[in-house]
Amino acid sequence: MRLHPIDKVWRLHSGVDLAGGGCDGPIWAAQDGVVTFTGFDRNGNGTITVDHGGGVQTSYLHQYASGILVRAGDQVQAGDQIGRVGSSGQSTGCHLHFSVIVDGSPTAPVPFMNDMGIPLG
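Here goes a summary of the coordinates provided.

Calculation notes
Residues numbered from 1 in each chain as written. Predicted model: local features only at pLDDT ≥ 70, side-chain atom pairs only at ≥ 80, totals over all residues. Heavy atoms only, no water. Phe/Tyr/Trp six-rings, centres within 6.5 Å; stacked < 30°, edge-to-face > 60°. Helix = DSSP H or I, 4+ residues; strand = E, 2+ residues; numbered from the N terminus. Buried < 20%, exposed > 50% of the residue type's maximum accessible area, 1.4 Å probe, protein only. Disulfide = S-S within 2.5 Å. Salt bridge = Lys/Arg side-chain N within 4 Å of Asp/Glu carboxyl O. Contact = heavy atoms within 4.5 Å.

### Details of the packing of aromatic side chains
Scanning the model with the defined rule gives one aromatic pair in all. Between Tyr60 and Phe98 the ring centres are 5.4 Å apart and the planes differ by 55°, which places this aromatic pair in the tilted class. Of the two residues, Tyr60 is situated in strand S7 (residues 56-63) and Phe98 in strand S10 (residues 96-102); the sequence distance between them amounts to 38 residues. Side by side, Tyr60 and Phe98 carry an identical accessibility label, which is buried.

See the structure below:
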């Protein structure tokens, strides 16, 4: 839980915010998968979602339209650049909001990725 910086209410922050090299910094796919969504969510956050199979998805938020470099249906490999860091939607500055969803539930991304051998930050 955290105090949302824009809405000023306490809510679950179901991901981790990464500096990502500032505005236009590269965003890489965390693992091999298929892009299932690109576009803007109901809060105006530029979003890319990748399905990695086995019930695991990752989402990458806050890109501008020009920073979304993939389309739904694209196959991606771990380390492929899929976007550029932005500050769209509910954001107070350029950064990447990275989340991991396992079997439909948000999962703490830092320990999950550490278990995969991929340290964040």
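### Considering the state of the cysteines
All told, the structure shown has one disulfide when counted by the stated rule. Each disulfide pairs two cysteine sulfurs, and for Cys23 the partner residue is Cys94, the sulfurs being separated by 1.8 Å. Measuring the twist about the S-S bond at about 85°, one finds the Cys23-Cys94 disulfide to be right-handed. Of the two residues, Cys23 is situated in the loop between strand S3 (16-18) and strand S4 (26-28) and Cys94 in the loop between strand S9 (81-84) and S10; the sequence distance between them amounts to 71 residues.

### A short note on the pattern of salt bridges
If you walk through the whole model with that rule in mind, you get one salt bridge. Where Arg84 meets Asp24, a salt bridge forms, and the shortest distance between an N and an O atom there is 4.0 Å. Remark: Asp24 occurs in the loop between S3 and S4 and Arg84 occurs in strand S9; sequence separation between them is 60 residues. The class for Arg84 is partly exposed, based on a relative accessible area of 26%. For Asp24, a relative accessible area of 49% translates into the label partly exposed.

### Considering the environment of Ile27
Inspection of the secondary structure puts Ile27 in strand S4. Separated by 33 residues in sequence, Ile27 and Tyr60 place their C-alpha atoms 8.1 Å apart. Discounting residues that sit within four places of it in the chain, Ile27 has contacts with Tyr60, Gln63, Asp80, Gln81, Ile82, Gly83, Arg84, Val85 and Leu96.

### Some words on unusual backbone geometry
One can expect most non-glycine residues to show negative phi and most peptide bonds to be in trans. A positive phi angle is found at Asp24, which is not glycine, with a value near 70°. Even without glycine at this site, His62 takes up a positive phi of about 95°. Tracing the backbone through its elements, the reader meets His62 in strand S7. A relative accessible area of 5% places His62 in the buried class.

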